[in-house]
Amino acid sequence: MSSILDRIVKQTRSDLHRRKRRLSLRSLESMECFEGERRGFRNALARTPLSVIAEVKRASPSRGLIRKSFDALKIADSYINGGASALSVLTDKPFFKGDLLYLEKISKNFDIPLLQKDFIIDPYQITEARAYGADAVLLIVSITEGHQLDELLNAAAENGLDALVECYSREEVDRLNWDDVPLFGVNNRDLRSFEVDLHRGVELLQLSPPETVKVSESGLAGPADLVFLAENGIDAALIGEHFMSRPDPGHALAEMLEGLNTAKNTEVKESGKEDAHTGR
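Report follows, based on the coordinates. (Residues numbered from 1 in each chain as written. Predicted model: local features only at pLDDT ≥ 70, side-chain atom pairs only at ≥ 80, totals over all residues. Heavy atoms only, no water.)

### Quick look at the packing of aromatic side chains
In step 1: Inspection of every chain in the model, using the stated rule, returns four aromatic pairs.
In step 2: Seen in terms of ring centroids, Phe70 and Tyr102 are 5.0 Å apart; in terms of plane orientation they differ by 50°. Their pairing is tilted. Residue Phe70 is found in the loop between strand E3 (64-65) and helix H5 (72-82), and its partner Tyr102 is found in helix H6 (residues 100-109); the two are separated by 32 residues along the sequence. (Phe/Tyr/Trp six-rings, centres within 6.5 Å; stacked < 30°, edge-to-face > 60°. Helix = DSSP H or I, 4+ residues; strand = E, 2+ residues; numbered from the N terminus.)

### So, the nonpolar core
In step 1: Counting 93 residues, the largest nonpolar core has Tyr79, Leu226 and Leu229 as the members making the most contacts within it.
In step 2: Once residues lying within four places of it in the same chain are set aside, the contact partners of Leu226 are Leu50, Val52, Ala237, Ile239, Met256, Leu257 and Leu260. (Core = buried A, V, L, I, M, F, W, Y, C linked by side-chain atoms within 4.5 Å. Buried < 20%, exposed > 50% of the residue type's maximum accessible area, 1.4 Å probe, protein only. Contact = heavy atoms within 4.5 Å.)

### Looking at a negative patch on the surface
In step 1: A grouping of Asp150, Asp179, Asp180 and Glu211 is seen on the molecular surface, where their side chains present a negatively charged patch.
In step 2: On the secondary structure map, Asp179 appears in the loop between helix H9 (170-173) and strand E8 (183-187).
In step 3: On the accessibility criterion, Asp179 (73% relative accessible area) is exposed. (Patch = residues over 30% accessible without salt bridge, like charges linked within 9 Å, V, L, I, M, F, W, Y side chains within 5 Å. Areas by Shrake-Rupley, 256 points an atom, 1.4 Å probe, with all protein chains shown as cover. Salt bridge = Lys/Arg side-chain N within 4 Å of Asp/Glu carboxyl O. Lys, Arg positive; Asp, Glu negative; His and termini not counted. Charge placed at Lys NZ, Arg CZ, Asp CG, Glu CD.)

### What about the sheet that holds strand E1 (residues 51-56)?
In step 1: Pairing within the closed barrel is parallel, and its eight strands lie in the order E1-E4-E5-E6-E7-E8-E9-E10. Neighbour to neighbour, the strand axes of the sheet diverge by 25° on average, direction disregarded.
In step 2: Two strands pair when backbone bridges link them, and E1 and strand E10 (residues 236-239) are joined in this way by four bridges, in the parallel orientation. Across the sheet, residue Ile53 finds its bridge partner in E10, namely Leu238.
In step 3: Across the sheet, H5 is in contact with E1 and strand E4 (86-90); its angle to E1 comes to roughly 165°.
In step 4: Contacting E8 and strand E9 (213-217), helix H10 (residues 198-205) runs over the sheet at an angle of about 155° to E8. (Pairing = 2+ DSSP bridges. Axes fitted to C-alpha atoms, helices over the stretch in contact; angles between N-to-C directions.)

### Some remarks on the pattern of salt bridges
In step 1: Evaluation of the coordinates by the stated rule reveals twelve salt bridges.
In step 2: Residues Lys117 and Glu55 are paired through a salt bridge, measuring 2.9 Å at the closest nitrogen-oxygen approach. Linking Lys117 in strand E5 (residues 114-117) with Glu55 in strand E1, this pair joins segments that are 62 residues apart in sequence.
In step 3: With a relative accessible area of 11%, Lys117 lands in the buried category.
In step 4: The partner of Lys57 in a salt bridge is Glu241, with the nearest N and O atoms 3.2 Å apart. Here Lys57, found in the loop between E1 and strand E2 (59-60), pairs with Glu241, found in helix H12 (residues 241-244); they are 184 residues apart in sequence, far enough to count as distant.
In step 5: Relative accessible area serves as the criterion here: at 11%, Glu241 is assigned to the buried category.
In step 6: Each of Glu32, Glu104 and Lys108 takes part in a single network of salt bridges with overlapping partners.

### Some details on the side chain of Ser85
In step 1: Here Ser85 is to be found in the loop between H5 and E4.
In step 2: Residues in contact with Ser85, not counting those within four places in the same chain, are Ala44, Leu45, Thr48, Ser51, Val52, Ile112 and Pro113.

### Regarding unusual backbone geometry
In step 1: Positive phi values are uncommon outside glycine, yet Lys97 reaches one of about 55°.
In step 2: Relative to the helices and strands, Lys97 resides in the loop between E4 and H6.

### Brief notes about helix H8 (residues 148-158)
In step 1: When H8 is considered as a whole, its buried residues turn out to be Gln148, Leu149, Leu152, Leu153, Ala155 and Ala156. Down the axis of H8, the sector holding all buried residues measures 160°, keeping them to one side. Exposed and oriented more than 90 degrees from the buried face of H8 are Ala157 and Glu158.
In step 2: Packing partners of the buried residues in H8 comprise helix H7 (123-131), strand E6 (136-140) and strand E7 (162-167).
In step 3: Positioned one or two residues after H8, Gly160 has a phi angle of 70°, which is positive. (Arc of directions from axis to C-beta.)

See below:
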């Protein structure tokens, strides 16, 4: 029996044939957003000890419709006001009810780095991502084979896009050439079983070199999760469903960041008390 991930990739491959007939590479390269300067997705994540990539996400295969009232621009604005370092925009239509037009609209209206979140299997999709305003693309190792990942990484570099390379297992991590992976992500939710394991995710992220930007993805639901990531040297968290299920996604983000800062301040105070007690 095929997994949901297998079905997504099969559908993506079928949809690509239609998209290529509708818009050629030359047509994509003539679009307004293609010519725009990229906003530095990786650099944005390196500016704070723990950055949050807030996700514009309407639905998912596991939860169905997450947000009935959906306005991509209002959500993006809310996230920016809530303290997001970057945004992730779901563009897969059949399974996540996303749209490339959401990406384009946000790119044209806001000056914040954007990650296109989709199931990329063809260099055409990377040119497409740039044409619709992305600054970075997600590359999922488990849906590539042979030299396909190298081909996609090269396409991202040629298009001036950062690539967030996502793994699920130690076997996939062992396939990576770290010289080509400045942004490394681990999805805490296995897209084959949909089980979430934050500790497994952190253990895999810690296998990367110190200079690699480490991104924990999915299944994060509160300040305690962010504290755990920060304590384990993780650079960024990608969060979608927790925010999108709240009335005001940006307010939910601000609350989570406030909880993280409160925990940090408490830790500093307790450390100071301990130093005073021990005379250090």
